[in-house]
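Summary of the model geometry
Residues per chain are reported as follows:
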Amino acid sequence: MVVKGAITISPQGSVTAYTLEQPDKLPKAVTGLLAKAVPHWRFEPVRKHGTPVAAESPMRVRIVAVPLADKRYDVRVASTWFPGTPSSHSAGFRREHRQPPRYPVEMVRSGVSGTAFLILRVGRDGNVEKAAAEHVDLMTRGGTKQMAHWRELFARSALNAARTWHFTVPTEGPKAKAPYWDVRVPVRYRSGRNGHPPINAYGSWTLFIPGPLQPIPWRARHTVAGKHVPDDIRDMGIVQRLQRLPDARS
């Protein structure tokens, strides 16, 4: 579940206030978890002309509920993203030209849903130089071979479209002079069948079956810290990884 809201940060980097979007649609377990967790978050102070200042930012928080042996659930914060912070602005990535991926016909007929997470290398001209599927998470269960086939179809569809995309690239900030940029982009496929809520069903839990992480050929040391969790906020790059990648937004 992705929870949206806003957060206010003091010049010292502590949280002074936060709000949640449509809190009445969120389970009490989620609002209670955030009430305990958010006030204790700490941030690198935002600086303006070298001086720490108070700052506000939208926030996106991914909540996961992991089933336990006694039919209870462990509800926890899996990842976060703050698109209003200077670090997110400095990335400067936007997709200018985006050919939408084709939903594989076999998956449409079977009502299979999932999300393919891509790692793209973007050159200084904004074109995609390299593309690889990092992992594909499914929302539909099947046999081992069947799910591997579904993941392959989603990955192929997403990669075929991504190789045609064009991005704006950073023109200011510490990353503006880089020879290239690696960005993470989630591509979602939602059939609306088999009980899957639509993408905009805010406050709803969705089943996901994590896919195995695939090595990125040009990133020899690409690893993930901790357990694999979904990075489906429009990747916002919210999964805590040993090597953080900027995320692209449309």
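Residues numbered from 1 in each chain as written. Predicted model: local features only at pLDDT ≥ 70, side-chain atom pairs only at ≥ 80, totals over all residues. Heavy atoms only, no water.

Some thoughts on helix α4 (residues 144-162)
The terminal C-alpha atoms of α4, which comprises 19 residues, lie 27 Å apart, in line with the 27 Å expected from a rise of 1.5 Å per residue. By the burial criterion, the buried members of α4 are Met147, Trp150, Arg151, Leu153, Phe154, Ala155, Ser157, Ala158, Leu159, Ala161 and Ala162. Looking at the buried side of α4, the elements it contacts are α3 (105-110), β8 (114-123), β9 (128-138) and β11 (180-189). (Helix = DSSP H or I, 4+ residues; strand = E, 2+ residues; numbered from the N terminus. Expected span 1.5 Å × (residues − 1). Buried < 20%, exposed > 50% of the residue type's maximum accessible area, 1.4 Å probe, protein only. Contact = heavy atoms within 4.5 Å.)

As for the sheet that holds β9
What the three strands build is an open sheet, ordered β9-β8-β11; its pairing is antiparallel. Each edge of the open sheet is held by one strand with a lone partner, namely β9 and β11. Neighbour to neighbour, the strand axes of the sheet diverge by 20° on average, direction disregarded. When β8 meets β11, the two strands line up antiparallel, connected through ten bridges. Bridged to Ala116 within β11 is Val187. In the packing of α4 onto the sheet, the strands contacted are β8, β9 and β11, and the crossing angle to β9 comes to about 150°. (Pairing = 2+ DSSP bridges. Axes fitted to C-alpha atoms, helices over the stretch in contact; angles between N-to-C directions.)

Remarks on the sheet that holds strand β6 (residues 73-81)
Two strands in a sheet stick together by hydrogen bonds in their backbones, pointing the same way (parallel) or opposite ways (antiparallel). Spatially, β2-β1-β5-β6 is the arrangement adopted by the four strands of the open sheet, whose pairing is antiparallel. Strand pairing shows two members of the sheet lacking a second neighbour, β2 (15-20) and β6, which therefore form its edges. The sheet shows a mean angle of 35° between the axes of neighbouring strands, taken without regard to direction. As paired strands, strand β1 (residues 2-9) and β2 are joined by five bridges and run antiparallel to one another. Within the sheet, the bridge partner assigned to Gly5 lies in β2 and is Leu20.

Description of the nonpolar core
Counting 29 residues, the largest nonpolar core has Leu118, Leu120, Leu138, Phe154 and Trp165 as its most contacted members. Looking at this core, the elements that each hand over two or more residues are β8, β9, α4 and β11. Looking at this core element by element, the count peaks at nine residues for α4. Core analysis: the next-biggest nonpolar cluster, separate from the first, contains 18 residues, Ile7, Trp41, Val61 and Ile63 among them. (Core = buried A, V, L, I, M, F, W, Y, C linked by side-chain atoms within 4.5 Å.)

Observations concerning helix α1 (residues 28-37)
All buried positions along α1 are accounted for by Val30, Leu34 and Ala37. Along the long axis of α1, the arc covered by the buried residues comes to 70°, so they all point the same way. Facing away from the buried surface of α1 by more than 90 degrees, the exposed residues are Lys28 and Lys36. Buried residues belonging to α1 abut β1, β2, β5 (55-67) and β6. (Arc of directions from axis to C-beta.)

A few points about the packing of aromatic side chains
How two aromatic rings sit relative to each other is set out by the distance from centre to centre and by the angle between their planes. Across all of its chains, the model carries five aromatic pairs by this definition. On the numbers, 5.0 Å between centres and 85° between planes, the contact of Phe43 with Phe82 is edge-to-face. A residue pair is termed long-range when its members are at least 10 positions apart, and Phe43 in the loop between α1 and β3 (46-48) and Phe82 in the loop between β6 and α2 (86-91) qualify at 39 residues. Here Phe43 and Phe82 have matching classes, each one buried. Summarising the aromatic geometry, the rings of Tyr103 and Tyr189 are spaced 5.3 Å apart at their centres and angled 85° between planes, so their arrangement reads as edge-to-face. (Phe/Tyr/Trp six-rings, centres within 6.5 Å; stacked < 30°, edge-to-face > 60°.)

Observations regarding the pairing of β8
Across the ten residues of β8, ten count as buried, placing the element largely inside the fold. Residues Gly114, Ala116, Leu118, Leu120 and Val122 point to one face of β8 and Thr115, Phe117, Ile119, Arg121 and Gly123 to the other, with burial holding for every one of them. Pairing of β8 with β9 involves nine bridges; the strand directions are antiparallel. Of the residues in β9, the one forming a bridge with Leu120 is Ala131. Two successive antiparallel strands, β8 and β9, enclose a turn made up of four residues, where Gly126 displays a positive phi of approximately 90°.

As for unusual backbone geometry
The general pattern is negative phi for most residues beyond glycine and trans for most peptide bonds. Despite not being glycine, Gln22 shows a phi value in the positive range, around 45°. Within the secondary structure, Gln22 is located in the loop between β2 and α1. On the accessibility criterion, Gln22 (30% relative accessible area) is partly exposed. Its identity as a non-glycine residue notwithstanding, His49 has a phi of 55°, on the positive side. As for its position among the elements, His49 is in the loop between β3 and β4 (51-53).

Everything listed here is a matter of coordinates, which is why it stays silent on function.
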